[in-house]
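The primary structure of each chain is shown beneath.
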Amino acid sequence: MGNSLKAIVAFVPSNKCQKYLLEDLEEMPVDKMVDLSGRQLRRLPLHICSFRELVKLYLSDNNLNHLPPELEQLQNLQILALDFNNFKALPLVVCTLKQLCILYLGNNKLCSLPLELRLLQNLKTLWIESNCLQYLPEVVCELSLLKTLHAGSNALRTLPPQLQCLQELRTIWLSGNLLSDFPPVLLNMPFLEVIDVDRNSIRFFPSLAHLPGLKLVIYDHNPCSNAPKVAKGVRRVGRWSEETPEPRKRSGAVIDITLDEKPLLPPAAKTKPEAEPC
């Protein structure tokens, strides 16, 4: 079925047309996974909500802006992908799915997150990149088991101090925001392993050498005057990193060191990794 035909059928709300889009998906697959990505869906077919043993539901790259209350029946759901849709607000029914451990919300039109998100206490990975967030919602700081937070490509200027309550957080991606200073709260999070502040407006980096868990810091494409100091063995990606050392100061003058090797650049775009079972 061509995408153009799908797009036309998607405008027709009849059950017969929606069934056509689903390509006769009548029963829950044996692997307990349903992937309806890229089907031009404008609403979630209700019979999907009858698959009560469903573990993974992928609804990426559709035209969804709401979800039916019947979704609450999927209490075994662990992975839910809603990225690349038209959500302006997170449907509250998502917050009733208490077994969720991976939630993809990237590339929507979210300006905030509901307080009910705190009910998802099993959540370990949250993708909220490429939305309209001007601040990181404090409710994120109540997700006590969160290990990975993707919040790049928003309009964040700072991070809430409550973020340090997330003692399980290991990886934070903040590329492409409006940070003018390195977020102070990150200096109080010794268990962080990966910090990505690529493509911001940070002019000065404090030392990160005191963070014992740190393994990688990405700080490229910032108008910085220095590189963050790190402990031995920590990889830096950015200007004056291991591949291009910081300028040496001698008698008040700055002398650039030129290397034959080209500096290692970070990936042009971070893609969503394949989800693993919780």
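Residues numbered from 1 in each chain as written. Predicted model: local features only at pLDDT ≥ 70, side-chain atom pairs only at ≥ 80, totals over all residues. Heavy atoms only, no water.

**Student:** What's the story with the overall build of the chain in this structure? I'm lost.
**Tutor:** When helices and strands are tallied, the chain shows two helices and 12 strands. Reading the chain from its N end, one meets helices and strands in the order α-α-β-β-β-β-β-β-β-β-β-β-β-β. Expressed as a percentage of the 278 residues in the chain, the buried residues total 45%. Considering only contacts within the chain whose residues lie at least 6 apart along the sequence, 26% involve residues at least 24 apart. When the accessible surface of the chain is summed, it comes to about 14,400 Å², and 53% of that surface belongs to carbon and sulfur atoms. (Helix = DSSP H or I, 4+ residues; strand = E, 2+ residues; numbered from the N terminus. Buried < 20%, exposed > 50% of the residue type's maximum accessible area, 1.4 Å probe, protein only. Contact = heavy atoms within 4.5 Å. Areas by Shrake-Rupley, 256 points an atom, 1.4 Å probe, with all protein chains shown as cover.)

**Student:** Even after reading the chapter, I still don't get the state of the cysteines, so can you show me in this structure?
**Tutor:** Working definition of a disulfide: a covalent bond connecting the sulfur atoms of two cysteines. Counted by the stated rule, this structure contains zero disulfides. Free cysteine Cys 132: the closest other cysteine sulfur is in Cys 111, separated by 4.7 Å. According to the relative accessible area criterion, Cys 132 is partly exposed, its value standing at 36%. The closest cysteine sulfur to the non-disulfide-bonded Cys 165 is located on Cys 141, 6.9 Å from its own sulfur. Since its relative accessible area comes to 52%, Cys 165 is described here as exposed. (Disulfide = S-S within 2.5 Å.)

**Student:** Explanation requested: the side chain of Arg 236 in the structure shown.
**Tutor:** Of note, Arg 236 is situated in strand 10 (residues 235-237). Take Arg 236: its relative accessible area is 12%, and that puts it in the buried class. Within polar-contact distance, the side chain of Arg 236 engages the backbone oxygen of Pro 228 at 2.9 Å. Of note is the side chain of Arg 236, whose polar atom sits 3.0 Å from the backbone oxygen of Trp 240. (Polar contact = N/O pair within 3.5 Å; in protein donor to acceptor, adjacent residues only side chain to side chain.)

**Student:** What am I meant to see in the pattern of salt bridges here?
**Tutor:** It is possible for side chains of opposite charge to pair when their charged atoms get near one another. Scanning all chains against the criterion turns up four salt bridges. With a shortest N-O distance of 2.8 Å, Arg 118 and Glu 142 are connected by a salt bridge. With a gap of 24 residues between them, Arg 118 in the loop between strand 4 (102-104) and strand 5 (125-127) and Glu 142 in the loop between strand 5 and strand 6 (148-150) connect regions that are remote in the sequence. Judged by relative accessible area, which is 33%, Arg 118 ranks as partly exposed. Glu 142 gets classed as partly exposed once you look at its relative accessible area, which sits at 35%. A salt bridge links Glu 193 to Lys 215, with the shortest nitrogen-to-oxygen separation between them at 3.9 Å. Pair noted here: Glu 193 is in the loop between strand 7 (171-173) and strand 8 (194-196) and Lys 215 is in the loop between strand 8 and strand 9 (216-218), with a separation of 22 residues, a long-range link. Since its relative accessible area comes to 51%, Lys 215 is described here as exposed. (Salt bridge = Lys/Arg side-chain N within 4 Å of Asp/Glu carboxyl O.)

**Student:** Whenever I open this one, the sheet that holds strand 5 confuses me. Can you help?
**Tutor:** Within a sheet, neighbouring strands are paired by backbone hydrogen bonds and run either parallel or antiparallel to one another. The strand order across the open sheet built from 10 strands is 1-2-3-4-5-6-7-8-9-10, with neighbouring strands paired in parallel fashion. Strand pairing shows two members of the sheet lacking a second neighbour, strand 1 (33-35) and strand 10, which therefore form its edges. Each adjacent strand pair in this sheet contributes to an overall mean axis angle of 5°, direction not counted. Here three bridges tie strand 8 to strand 9, and the two strands are oriented parallel to one another. Each residue of the ladder has a partner; that of Val 194, found in strand 9, is Leu 216. (Pairing = 2+ DSSP bridges. Axes fitted to C-alpha atoms, helices over the stretch in contact; angles between N-to-C directions.)

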